[in-house]
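Structural features, examined
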Amino acid sequence: TLMENVDLYIDGITDLAWREKMFNIIKYVPSRQMVVVKNDFKPKTISDLNNKVCVMVRNTAMEQNLEKLKITHQINFTYLYTEKFDDMDKLLSEGKADFTVYDSDRAFAAMANYNNLNIAWPISETLMMGWAIHKKNKLLKTILEKYFKYAQESAILDKYWKLSYGVTFIDYLKILNL
């Protein structure tokens, strides 16, 4: 796996039990999967996604949650598959799909990159995300845990969030209802 070859993976990795067996995760941000749409499509309920097109990367937790929604709510939509998450933003913005689903931090990044995208609503429970660290690197884990605690307490994370996602970390938490 990737984590056998590196000490640190700097990306939003959702804290899931099977991942914790492979590497440590420095948890620093809550996340929910969010439906992202173009500004001209404002779904009010899950049934509004029926007969629409969803742009998605295969074999992701987001696709798995969408499949559960299809069964639970007896709706049907088709997938436009792509290889890269950045392409999901682009294809949605260009109108090639009606919606997508992202972890909430990535949903805000999509909105920052494309002014015609918006968040409709969440489809998942809140989970923690963070950076992955090789299990053997306990020193780096300790340093990063201290840094993230400092960043949250000193509002550095708030400034970074505003710069990267267009909203402060505090506003992000409010939007997630946390």
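Structure shown above.
What comes next is a walk through the structure. Here the structure is a predicted model, which means the values were calculated and not measured.

**Quick word on the pairing of strand S4 (residues 53-57)**
Counting buried positions along S4 yields four of five residues, so the element is predominantly enclosed. In this fold, the crossover linking S4 to strand S5 (residues 78-82) by way of helix H2 (residues 61-73) has right-handed handedness.

**Describing the packing of aromatic side chains**
Across all of its chains, the model carries 15 aromatic pairs by this definition. Aromatic pair tyrosine 28 and tryptophan 131: ring centres 6.2 Å apart, planes at 75 degrees, arrangement edge-to-face. With a gap of 103 residues between them, tyrosine 28 in strand S2 (residues 24-31) and tryptophan 131 in strand S8 (residues 127-133) connect regions that are remote in the sequence. Under the relative-accessibility criterion, tyrosine 28 is labelled buried at 10%. Ring geometry for phenylalanine 77 versus phenylalanine 99: centroids 5.1 Å apart, planes at 85 degrees, classification edge-to-face.

**Examining the sheet that holds S2**
Strand order across the open sheet formed by three strands is S1-S8-S2, with antiparallel pairing between neighbours. Each end of this open sheet is capped by a strand with a single partner; those strands are strand S1 (8-14) and S2. Averaged over all adjacent pairs, the angle separating strand axes in this sheet is 25 degrees, with direction ignored.

**A word on the pairing of strand S6 (residues 99-103)**
Burial runs high along S6: five of the five residues are buried. The two faces of S6 match: Phe99, Val101 and Asp103 on one face and Thr100 and Tyr102 on the other face are all buried. Where strand S3 (residues 33-38) and S6 come together, five bridges link them in antiparallel fashion. Paired with valine 37 across the strands is phenylalanine 99, a residue of S6.

**Overview of the environment of lysine 70**
Here lysine 70 lies in helix H2. On the basis of relative accessible area, lysine 70 is assigned to the buried category, the value being 14%. Excluding residues within four positions of it along the chain, lysine 70 makes contact with Ile75, Asn76, Phe77 and Tyr79.

**With respect to the packing of helix H3 (residues 85-93) against helix H4 (residues 104-113)**
Running from N to C, H3 and H4 cross one another at 50 degrees; their axes reach a closest spacing of 10 Å. In terms of orientation, H3 and H4 fall into the oblique class. Crossing hand, H3 versus H4: right-handed. Mapping the contact onto sequence places Phe85, Asp86 and Asp89 in H3 and Arg106, Ala110 and Asn113 in H4. Of the residues in the contact of H3 with H4, the class split is two nonpolar, one polar and three charged.

Cut-offs applied
Residues numbered from 1 in each chain as written. Predicted model: local features only at pLDDT ≥ 70, side-chain atom pairs only at ≥ 80, totals over all residues. Heavy atoms only, no water. Buried < 20%, exposed > 50% of the residue type's maximum accessible area, 1.4 Å probe, protein only. Helix = DSSP H or I, 4+ residues; strand = E, 2+ residues; numbered from the N terminus. Right-handed = clockwise from strand over helix to strand, strands pointing away. Phe/Tyr/Trp six-rings, centres within 6.5 Å; stacked < 30°, edge-to-face > 60°. Pairing = 2+ DSSP bridges. Axes fitted to C-alpha atoms, helices over the stretch in contact; angles between N-to-C directions. Contact = heavy atoms within 4.5 Å. Parallel < 35°, antiparallel > 145°, perpendicular 65-115°, else oblique. Left-handed = near helix turned anticlockwise from the far one by under 90°. Nonpolar A, V, L, I, M, F, W, Y, C, P; charged D, E, K, R; others polar.

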